[in-house]
Amino acid sequence: MKPTDDKNPEYFHKVVDCQYACPAHTPVPEYIRLIAQGKYTEAYMINWESNVFPGILGRTCDRPCEPACRRGRIEEEPVAICRLKRVAADHKDDVRSLMPQAPFTGNGKRIALIGGGPASLTVARDLAPLGYEIHLYDEQDAGGGMMRSQIPSFRLPIDVLNEEVDYILDMGIHTQFKTYVSSLKEILDKEYDVVFIGTGAPRGRDLIIPGRKEAAESIHIGVDWLASVAFEHTHKIGKKVIVLGGGNTAMDCCRTSRRLGGDEVKVVVRSPYAEMKASPWEKEDALHEDIQILDNHVPKIFVVEDGKLKGMTFEKVHAVFNENGKRSLVPTGEPEVFIEADDVLVAIGLENTFPWIEKETGVEFGEWGMPIVDAITYQSTNNKVFIGGDAAFGPKNVITAVAHGHQAAISIDLYCKEKDITNRPSPFTNLVSQKMGIHEWSYDNEIENDLRYAVPHAPKTATLTDRKMEVELGFDIQTAIKEAHRCLNCDVQTVFVKDRCIECDACMDICPTACITFTTNGDEEDLRTRLKAPAFNITQDLYVSDTLPTKRVMVKDEDVCLHCGLCAERCPTSAWDMQQFLYKVTKAC
C-alpha cells in the first residue's frame, strides 16, 4: 500500500472525527476542554465564532457531528457535543463586551438580506464588522426566521432566541420587520450592491386525498399551525389528533398538540419506525409524553360525516427491498385501519416557493423549481444575487444554514471587492506537539469506559400544562465537566517519524486497542486482513509508514485509535508524537 506521508498535513483531513463533521466547523475538542476546565465564556465565544447560535443549537441542533465522535466507537453514545454547547451558553458571563462593537467604519457597500433566519443572520454577523451596511427584510416582527416560527418554546425558550439574535442585530443592522418582500425586482431597483436570499423553505406540503376539501376546517398544514401557535393566534386543538409525517416537524406538532388540549395524539407515518426522519431523541421525547407512533400506515381518505371530520382510514403496508436496496411499501392485505380524529396536522415535508422572484431579474430556476445556485460560492445566475440556507438547496437544518451563511459572506466580500469569488481563502491549519515534558501531555489522555450522562427533564405533569416551559433542563456544571471528560481528543493525532523508529515494537505491545501493527507491506485489501485487529471499515484510511530497515512497515488503523498517547509515552526514541491539529474555516470577518 502507498505510504502516508507523515509530514503532509493533508493526512489529517482524512481522519474521521467530530471536528470536521459539523458543517460550521466548530473546533469541538477545544471548546470541550474549556468546559472541562470551567471556562464557559471562552467556550461560548469559540462556538459563537463558528456556529453563531450556541444557546439555540445547544438545544435544537440535529447533531451531524456526534455520529463521528470516537467515544461512539467504544460505547453506544458519543460525547454530548450538542448539549455541551448549551452548557457554554447557559453558564457564560456577559459576553457583549467580547462581541464586535458597532458602529463600524463603513466601506460604502450596501447589502440586502431577504429573510431573517440563520443563513441571513450569519451573513450579517460576518459582514457588518467589515463595514457593510446591512438591510434585513422579514415578514415576522422579529429576527430568527423558522427558529422563531417553527421551533416550539418548550424546546427553545424565547429569551434564548432573542438574546442570540440580538447579538447580531445590535451590530447596527438596519431591520425592516413586518415587511413581506413581494418583488425581487423592487429590491434590486434599490441599487444594493448585493442581495442575499435566505427565506428558507416556508411552505408545508399538503395531502390531497378524498375528503381533504370537505374537512378543510379541521386539517392544518404543520408548519403553518406551529407558526400560528408561536405567534399566539392558536391556543387549542381537539382532544383527538392525528399528525401525519415522520420528521422533526411532526414531532414538534404532536408534542405541541399535547400541550394545547390533545389527549389522544397519534403520529401516523408511512415508513417503518426505524426509517423515520425524526431524530431518535425527538421520537423518544414524543413517546415519553404518551404520544403513540403508528408506522407502516398509508393515508387513504379523510372520513367526513355531515360536513365534520370524523377521522382517517389507512392502509397497512410493509417495507420490501429489492436487490439494489431500494425500498418499496407493499400492502399487507390486512383490513384498512380507521383512526378517530378531531383535527389532523399534515407534516409530510417542506417546499420552497419563489413567486416573488420575477424572470426579468435573471435568477434562473432548475429542477423542482429550485434556483440554480453554485454549491461553493452560493451565487445565483444573477451575479448580484446570492442564496443560502433552505432556499438554496432545500430543507436541511439550522447548522447547515449557518455554514451557507459563512461561505456566502466570503463570496459577497470578494464580489464587492471585484475579486474572483472562486479563488477562496484557504482554511487555517496548524500542527503543534502536545508534549510538555517527559511522559506529560497538555491534554487529558486518561482512557476509561464512561457512559453518556443523561440530561435531566422537567416533570411531565408540569410541562404538558405549559407549552412555554422548557422540557430539557441542561447539564449542571459538575455533570457537564464529567461529560466533557468523555472526549477522546480526536484533534490530537498520532504522528510517526520513520527515521527515529528502532522497531522495538513497544508501541504495538502497549496499544490498548491493537491499532498498531508492524508487518510486511501489501495491497490495501490484503493488508487490512493481516493487522493485529483486522481493519474492516474501508471508509477509514490506514496510516502506513515508509519501509523500515527490516523491510516492514508500520500500519495504524485510525478507526480504533483512541488518541490516548500511550504509544508516544512508551516510545524510547520519540518516533511517535501527539500533535494537536487545529482547523478553522476562513470567514469573511
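The rules behind these values
- Residues numbered from 1 in each chain as written.
- Predicted model: local features only at pLDDT ≥ 70, side-chain atom pairs only at ≥ 80, totals over all residues.
- Heavy atoms only, no water.
- Phe/Tyr/Trp six-rings, centres within 6.5 Å; stacked < 30°, edge-to-face > 60°.
- Helix = DSSP H or I, 4+ residues; strand = E, 2+ residues; numbered from the N terminus.
- Buried < 20%, exposed > 50% of the residue type's maximum accessible area, 1.4 Å probe, protein only.
- Expected span 1.5 Å × (residues − 1).
- 1 Å grid on protein atoms, 1.4 Å probe; cavity = no way out; pocket = protein on both sides within 12 Å on 5 of 7 lines; lining within 4 Å.
- Points joined across faces, edges and corners; volume = space filled by probe spheres on them.
- Pairing = 2+ DSSP bridges.
- Axes fitted to C-alpha atoms, helices over the stretch in contact; angles between N-to-C directions.
- Contact = heavy atoms within 4.5 Å.
- Parallel < 35°, antiparallel > 145°, perpendicular 65-115°, else oblique.
- Left-handed = near helix turned anticlockwise from the far one by under 90°.
- Salt bridge = Lys/Arg side-chain N within 4 Å of Asp/Glu carboxyl O.

## Concerning the packing of aromatic side chains
The relation between two aromatic rings is expressed through the spacing of the ring centres and the mutual angle of the planes. Across all of its chains, the model carries eight aromatic pairs by this definition. Ring geometry for Y378 against F393: centres 6.0 Å apart, planes inclined by 65°, an arrangement best described as edge-to-face. Pair noted here: Y378 is in the loop between strand 15 (350-351) and strand 16 (385-387) and F393 is in helix 15 (residues 390-393), with a separation of 15 residues, a long-range link. Its relative accessible area of 36% is what places F393 among the partly exposed residues.

## Side note on helix 4 (residues 40-51)
With 12 residues, helix 4 extends 15 Å from end C-alpha to end C-alpha; this agrees with the ideal 16 Å at 1.5 Å per step. Of all 12 residues in helix 4, 10 are buried, a share of seventy percent or more. Turning to helix 4, its buried residues number three or more, namely Y40, T41, A43, Y44, M45, I46, N47, W48, S50 and N51. Positive backbone phi, approximately 70°, marks V52, located one or two places after helix 4.

## A few points about the layout of surface pockets
Empty space within the second largest pocket amounts to approximately 550 Å³. Along its surface, the second largest pocket is lined by 21 residues, and R63, E77, W281, E284 and R452 are the ones closest to its centre. Where the lining of the second largest pocket is concerned, the elements lending two or more residues are helix 6 (71-74) and helix 14 (280-288). Broken down by element, the lining of the second largest pocket gets its largest block of residues, four residues, from helix 14.

## A closer look at the sheet that holds strand 14 (residues 343-346)
The five strands lie next to each other as 6-14-7-8-9, forming an open sheet whose pairing is parallel. A strand with exactly one partner marks an edge of an open sheet, and here the two such strands are strand 6 (219-221) and strand 9 (292-294). Going across the sheet, the axis of each strand differs from the next one's by a mean of 20°, ignoring polarity. Here five bridges tie strand 7 (residues 240-244) to strand 8 (residues 264-268), and the two strands are oriented parallel to one another. Within strand 8, the position partnered with L244 by the bridge is V268. Contacting strand 6 and strand 14, helix 12 (residues 222-230) crosses the sheet at an angle of about 85° to strand 6.

## A word on the packing of helix 8 (residues 118-127) against helix 16 (residues 398-416)
At a minimum axis distance of 7 Å, the contact between helix 8 and helix 16 shows a crossing angle of 40°. What the angle tells us is that helix 8 and helix 16 run oblique. Note that helix 8 runs across helix 16; the crossing there is right-handed. Contacts between helix 8 and helix 16 involve P118, A119, T122, V123, R125, D126 and L127 from the first element and V398, A401, V402, G405, H406, A408, A409, I412 and D413 from the second.

## Considering the pairing of strand 24 (residues 576-584)
Counting buried positions along strand 24 yields seven of nine residues, so the element is predominantly enclosed. In this sheet, strand 24 lies alongside strand 17 (residues 428-433) in antiparallel orientation, the contact comprising six bridges. Bridge assignment links N430 to a residue of strand 24, and that residue is L582. Both strand 20 (residues 492-496) and strand 24 contribute to a ladder of five bridges, which runs antiparallel. When the sheet's bridge partners are listed, Q493 is paired in strand 24 with Q579.

## Brief notes about the pattern of salt bridges
Enumeration according to the criterion identifies 44 salt bridges in this entry. Among the ionic pairs, E282 bridges to R155, the shortest N-O distance being 3.3 Å. Of this pair, E282 sits in helix 14 while R155 sits in the loop between helix 9 (146-149) and helix 10 (158-169); the two residues are 127 residues apart in sequence, bridging distant segments of the chain. Residue classification places R155 among the buried residues on the basis of a relative accessible area of 10%. Residues R255 and E289 are paired through a salt bridge, measuring 3.0 Å at the closest nitrogen-oxygen approach. Here R255, found in helix 13 (residues 248-259), pairs with E289, found in the loop between helix 14 and strand 9; they are 34 residues apart in sequence, far enough to count as distant. By relative accessible area, R255 is classed as buried at 1%. A relative accessible area of 2% places E289 in the buried class. Salt bridges sharing partners connect three or more residues here, namely R155, D252, R255, R259, E282, D285 and E289.

This is a description of form; function is not addressed.
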